[in-house]
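# Structure at a glance
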Amino acid sequence: MAAKNKMDKISRITRSENMRRIHSRHTKPELITRKLVSQLGIKYRLHPKNILGSPDIINRKHKFAIFVHGCFWHQHTKCKYCHLPKSRKSYWTPKLRRNVQRDKRNVALLKKNGWNVLIIWECQLHKPLKAKSRLTRFFKMVYAVRNKH
Ligand SMILES: [Zn+2]
């Protein structure tokens, strides 16, 4: 029981942390992602104004866009950090559902316009090596496709 309470407390803290960070730029997960991308020797720009859904990291020439998503705010499926608060469910459920729908729409439209899109989830950055190999695979794909043209 004590352990469960502790977990509740941790998830409460994580959640309020997430809420505080809503819409903020240069968050910790984003900084980790940028660092990993730089380590791979990839050039990029941050927060372009006129790109749909304003991805966090982009490269127009190579047409890739990376979103760094908070697990709660963007409702990472089956992730332990995405749980809805017990209180004010009627407020959070539709709000978060709208976020998810907007994300889906943006990604679909970007892809339709020839962008390669990668979503990095906050929880995936807890294991930087794994995150790095995901990024490596993504860039291999991006550059292989681009070189064919
Ligand atoms: Zn997650």
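Here, the structure is the one placed above.
The paragraphs below set out a description of the structure included in this document. (Residues numbered from 1 in each chain as written. Predicted model: local features only at pLDDT ≥ 70, side-chain atom pairs only at ≥ 80, totals over all residues.)

## A short note on the nonpolar core
In this structure, Ala-65, Ile-66 and Ile-120 are the most contacted members of the largest nonpolar core, which totals 19 residues. Put simply, the parts of the chain that give this core at least two residues each are α2 (28–39), β2 (57–59), β3 (64–69), β4 (116–121) and α4 (128–148). Sort the elements by how many residues they give to this core and β3 lands first, with 5 residues. Residue contacts for Ala-65: discarding those within four places in its chain leaves Ile-51, Pro-55, Ile-58, Leu-110, Trp-115 and Val-117. (Core = buried A, V, L, I, M, F, W, Y, C linked by C-beta atoms within 7 Å. Buried ≥ 20, exposed ≤ 12 C-beta atoms within 10 Å, placed from the backbone. Helix = DSSP H or I, 4+ residues; strand = E, 2+ residues; numbered from the N terminus. Contact = placed C-beta atoms within 7 Å.)

## Considerations on the pairing of β3
Most of β3 is tucked away, with 6 of its 6 residues classed as buried. Here β3 shows two buried faces, one formed by Phe-64, Ile-66 and Val-68 and the other by Ala-65, Phe-67 and His-69. Bridging between β2 and β3 involves 3 bridges; their strand directions are antiparallel. Its bridge partner lying in β3, Asn-59 is registered against Phe-64. Taking the residues between adjacent antiparallel strands as the criterion, β2 and β3 are bridged by 4 residues, where Lys-63 takes a positive phi near 50°. (Pairing = 2+ DSSP bridges.)

## Details of the environment of Asn-59
Summarising the element assignment, Asn-59 is placed in strand β2. For Asn-59, a count of 18 C-beta atoms within 10 Å puts it in the partly exposed group. In sequence terms Asn-59 and Trp-115 are 56 residues apart; their C-alpha atoms lie 9.7 Å from each other. Excluding residues that lie within four positions of it along the chain, Asn-59 makes contacts with Lys-43, Tyr-44, Arg-45 and Phe-64.

## Quick notes on the sheet that holds β4
A sheet is described by the order of its strands in space; here 4 strands give the open sequence β1-β2-β3-β4, paired in mixed fashion. The sheet terminates laterally at β1 (45–46) and β4, the two strands that pair on one side only. Pairing between β3 and β4: 6 bridges, direction parallel. When the sheet's bridge partners are listed, Phe-67 is paired in β4 with Ile-119.

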